[in-house]
Amino acid sequence: FRAARRVYPGREDLQALGTLLGGLVPMNLYISQTVGNEPLAGVLTAALIVAAWRLSDSAYDLARVIHWVGLGLLLGLALLSKVTPVLIVAPLTLFLVRALWRQEQTLRVRPFLWMFSAAAAVSGWYYLRNWMELGRPFIGGWDGLRGIVWWQDPGYRTAGQLLFWGRCLTYPVYSAVAGFWVSIYSTLWLDGSLSSMTSFDSRPRWNFDFMLTGAWLSLLPSLCLATGIVKTWRGGHSRRQFLGFSLSALAVYFGALLWLYLKVPIYSTAKATYTLGLIPCYVALACAGFEVLLRGTWTRAVVFGGMATWGVAAYCAYFIN
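Residues numbered from 1 in each chain as written. Predicted model: local features only at pLDDT ≥ 70, side-chain atom pairs only at ≥ 80, totals over all residues. Heavy atoms only, no water.

A. Examining the packing of aromatic side chains more closely. Per the stated rule, a full pass over the model turns up 16 aromatic pairs. Centre to centre, the rings of Phe-180 and Trp-181 are 4.8 Å apart; their planes meet at 85°, and the pair counts as edge-to-face. Residue classification places Phe-180 among the buried residues on the basis of a relative accessible area of 1%. Ring centres of Tyr-315 and Phe-319 lie 5.1 Å apart, and the angle between their planes is 35°; this geometry places the pair in the tilted category. You can see Tyr-315 and its partner Phe-319 sitting in helix α14 (residues 297-319), 4 residues apart, about one turn around the helix. Using a relative accessible area of 42% as the deciding quantity, one classes Tyr-315 as partly exposed. For Phe-319, a relative accessible area of 45% puts it in the partly exposed group. Feature note: the residues Trp-53, Phe-95, Phe-242 and Phe-245 constitute an aromatic cluster, connected by ring pairs. Here Arg-157 stacks its cationic end above the ring of Tyr-261, 3.5 Å away from the centre of that ring. (Phe/Tyr/Trp six-rings, centres within 6.5 Å; stacked < 30°, edge-to-face > 60°. Buried < 20%, exposed > 50% of the residue type's maximum accessible area, 1.4 Å probe, protein only. Helix = DSSP H or I, 4+ residues; strand = E, 2+ residues; numbered from the N terminus. Lys NZ or Arg CZ within 6 Å of the ring centre and 35° of its normal.)

Quick look at the structure:
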């Protein structure tokens, strides 16, 4: 809600749709009901993004140290919960540099020193410890240094796995074996990997009828998200500073996901839950697409009706059994 209100002030219709989408996106619902550090990393990264967007407002004094230290604390906590938020550093820095230039027509290094110093004070010790004990600061879950031996299908990659096709609509569960984009879709809009269960008996107790229906109902928000991305790429949008940041952050995260997908050829590497902290970015770009579709009377009715149906199905899939 705060992300949608920041990007689209005065547009209560877009704020409502953005809140519905961000609040009930299935990857957040199902991952938050299991034990893990992913939800914590997600909420801290999302809070960091919204705080940076708020700081870009001309009403805030960018010379105040407390604002930059606050961003640094959020960044440090996010990095302490999971290594994935390191991907947000470059887009975030570029966004803040542009915000500083717009407000003061100058670039100052000191605010960024405060921010990164606060982040290092919170999380630096952990990565220093990794470097001293393991030889490098960043250790992935698949890394051999952990001494964990395991295996998942398919164990190889082909060019066809980088294409998008409809298996995520007809066989959404474990469709991740089929390809990268299929895996992203099936883990963004439903629990396509069944929370990486180890056996069928340990599967989560979701309402599978509603969950599988969500694969088709999510075509509407997917269309709006794609429309928002195209609109942002073409430029000229009045909120381009927020949408440009959102698009660049998604590009960095998905670039890293693609690299991991090629490096570790197993079905659970290309999961949308790794982008959980980018929910404000998904919301901002989807709202740009909603803005286009809400211009017509009939399309407006389809969007509101379709999103209401999608929201009910998402809620029933993971909270009602």
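Further notes follow.
B. Region of the structure containing empty space enclosed by the protein. For the coordinates displayed, the defined rule picks out 3 cavities of 30 Å³ or more. The calculated volume of the largest cavity comes to roughly 70 Å³. For the largest cavity, the full set of lining residues is Leu-21, Gly-22, Val-25, Met-27, Leu-188, Trp-189, Leu-225, Ile-279, Tyr-282, Val-283 and Ala-286. Sorting the residues of the lining of the largest cavity by element identifies α2 (12-24) and α13 (279-293) as the ones contributing at least two each. A total of 4 residues in the lining of the largest cavity trace back to one element, the largest contributor, which is α13. Broken down by class, the residue content of the lining of the largest cavity amounts to 10 nonpolar, 1 polar and no charged. (1 Å grid on protein atoms, 1.4 Å probe; cavity = no way out; pocket = protein on both sides within 12 Å on 5 of 7 lines; lining within 4 Å. Points joined across faces, edges and corners; volume = space filled by probe spheres on them. Nonpolar A, V, L, I, M, F, W, Y, C, P; charged D, E, K, R; others polar.)

C. Examining α14 more closely. The end-to-end C-alpha distance of α14 is 33 Å, a good match for the 33 Å that 23 residues give at a rise of 1.5 Å each. Residues of α14 that are buried include every one of Val-303, Gly-306, Met-307, Trp-310, Gly-311, Ala-313, Ala-314, Cys-316, Ala-317 and Tyr-318, and no others. Contacts from the buried residues of α14 go to α2, α3 (26-31), α10 (208-217), α11 (219-234) and α13. (Expected span 1.5 Å × (residues − 1). Contact = heavy atoms within 4.5 Å.)

D. Molecular detail of helix α9 (residues 180-188). Among the 9 residues of α9, 8 are classified as buried, and the element is accordingly described as predominantly covered. Among all positions of α9, only Phe-180, Val-182, Ser-183, Ile-184, Tyr-185, Ser-186, Thr-187 and Leu-188 are buried.

E. Highlighting a nonpolar patch on the surface. On the surface, Leu-77, Leu-80, Trp-125 and Tyr-126 cluster together into a nonpolar patch covering about 380 Å² of accessible area. With respect to the element layout, Tyr-126 can be found in helix α7 (residues 110-134). (Patch = residues over 30% accessible without salt bridge, like charges linked within 9 Å, V, L, I, M, F, W, Y side chains within 5 Å. Areas by Shrake-Rupley, 256 points an atom, 1.4 Å probe, with all protein chains shown as cover. Salt bridge = Lys/Arg side-chain N within 4 Å of Asp/Glu carboxyl O.)

F. Molecular detail of the nonpolar core. By size, the foremost hydrophobic cluster in this structure holds 79 residues, and its most contacted members are Met-27, Trp-53, Trp-68, Ile-88, Leu-96, Leu-278 and Phe-290. Top element by residues in this core is α13. It accounts for 11 residues. Once residues within four sequence positions are removed from consideration, Leu-96 is found in contact with Ala-52, Leu-55, Trp-68, Leu-71, Phe-112 and Met-115. (Core = buried A, V, L, I, M, F, W, Y, C linked by side-chain atoms within 4.5 Å.)

G. Focus on the layout of surface pockets. Approximately 1,500 Å³ is the volume found for the largest pocket. Around the largest pocket, the lining comprises 47 residues; the ones closest to its centre are Lys-82, Gly-140, Gly-141, Trp-142 and Tyr-274. For the lining of the largest pocket, the elements supplying multiple residues, two or more each, are α3, α4 (38-55), α5 (65-81), α7 and α12 (240-263). By residue class, the composition of the lining of the largest pocket is 25 nonpolar, 15 polar and 7 charged. Here the second largest pocket is characterised by a volume of approximately 440 Å³. Every residue lining the second largest pocket is counted, 17 residues in all, and those nearest its centre are Trp-181, Ile-184, Leu-225, Ile-229 and Phe-254. Secondary structure elements with two or more residues in the lining of the second largest pocket: α9, α11 and α12. By residue number, the principal contributor to the lining of the second largest pocket is α11, which donates 6 residues. Residues of the lining of the second largest pocket, tallied by class, amount to 16 nonpolar, 1 polar and no charged.

H. How the structure looks around the pattern of salt bridges. Under the defined criterion, the tally for this structure stands at 5 salt bridges. One salt bridge in this structure joins Arg-11 and Glu-291, with 3.6 Å as the shortest N-O distance. With a gap of 280 residues between them, Arg-11 in the loop between α1 (2-7) and α2 and Glu-291 in helix α13 connect regions that are remote in the sequence. For Arg-11, a relative accessible area of 27% corresponds to the partly exposed category. A residue is classified by how much of its surface remains accessible, and Glu-291, at 18% relative accessible area, is buried. In this structure, the salt-bridge partner of Lys-82 is Glu-38, at a minimum N-O distance of 3.6 Å. Of this pair, Lys-82 sits in the loop between α5 and α6 (89-104) while Glu-38 is found in helix α4, placing the two residues 44 residues apart along the sequence.

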